[in-house]
Amino acid sequence: MICVETLNITGMLKNKTLARAISDAGWGEFLRQLAYKADWAGRQLIQVSQWLPSSKTCHHCGHKTKKLPLSQRHWHCNGCGQAIDRDINAARNIETAGLAGVAC
Ligand SMILES: [Zn+2]
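Since the model is a prediction, treat every value here as computed from it, not as a measurement.

Points about the overall build of the protein
Here comes step 1: In terms of regular secondary structure, the protein is built from four helices and four strands.
Here comes step 2: Projected onto its principal axes, the C-alpha coordinates of the protein cover approximately 40 × 40 × 20 Å.
Here comes step 3: Taking all 104 residues of the protein together, the buried fraction comes to 10%.
Here comes step 4: Taking contacts inside the protein between residues at least 6 apart in sequence as the whole, the part at least 24 apart equals 54%.

Listed below in structure tokens is the structure:
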């Protein structure tokens, strides 16, 4: 099973800060190929809501930080004190949400 976050790619391309990075990464094409390959390999591709606060929610304790600008890649949780890597934390939250959706 592969869990990804649904992204509003069209909307993100309108953001001058993100547009080049999103275009360079070919994110839409990546997702299309990932879905194709997952299906071909008999795997399940789960897309969780783009509105899930995956970056702002501590995967250790569930505490949600109020502000987290995109430029801030690491933060400390006020709930449990963990040092958190933004991307790894988001990936763990997306996986948890994906697994929860499958379990329902
Ligand atoms: Zn925490």
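Points about helix 3 (residues 27-40)
Here comes step 1: In this model helix 3 runs 20 Å from its N-terminal to its C-terminal C-alpha over 14 residues, within 8% of the 20 Å that 1.5 Å per residue would give.
Here comes step 2: Among the 14 residues in helix 3, zero count as buried, and that is only a small part of the element.
Here comes step 3: Backbone geometry just downstream of helix 3 places G42 in the positive-phi region, at approximately 75°.

A look at the environment of A21
Here comes step 1: The residue A21 is located in helix 2 (residues 16-25) in this model.
Here comes step 2: Residue A21 is classed as exposed on the basis of its 11 C-beta neighbours within 10 Å.
Here comes step 3: With 31 residues separating them along the chain, A21 and L52 place their C-alpha atoms 22 Å apart.

Topic: the confidence of the model for the protein
In low-pLDDT segments, the atomic positions of the prediction should not be examined closely.
Here comes step 1: For the protein, per-residue confidence averages 90 on the pLDDT scale, and 99% of positions sit at 70 or higher.
Here comes step 2: Mean pLDDT across the elements of the protein bottoms out in helix 2 (76) and peaks in strand 4 (residues 83-85) (97).

Digging into the environment of H76
Here comes step 1: Along the polypeptide, H76 turns up in strand 3 (residues 74-76).
Here comes step 2: According to the C-beta neighbour criterion, H76 is exposed, with 12 such atoms within 10 Å.
Here comes step 3: In sequence terms H76 and H59 are 17 residues apart; their C-alpha atoms lie 12 Å from each other.
Here comes step 4: Those residues within four positions of H76 in sequence are excluded, and the remaining contacts are G81, A83 and I84.

The rules we used
Residues numbered from 1 in each chain as written. Predicted model: local features only at pLDDT ≥ 70, side-chain atom pairs only at ≥ 80, totals over all residues. Helix = DSSP H or I, 4+ residues; strand = E, 2+ residues; numbered from the N terminus. Buried ≥ 20, exposed ≤ 12 C-beta atoms within 10 Å, placed from the backbone. Contact = placed C-beta atoms within 7 Å. Expected span 1.5 Å × (residues − 1). pLDDT = per-residue confidence, 0-100.

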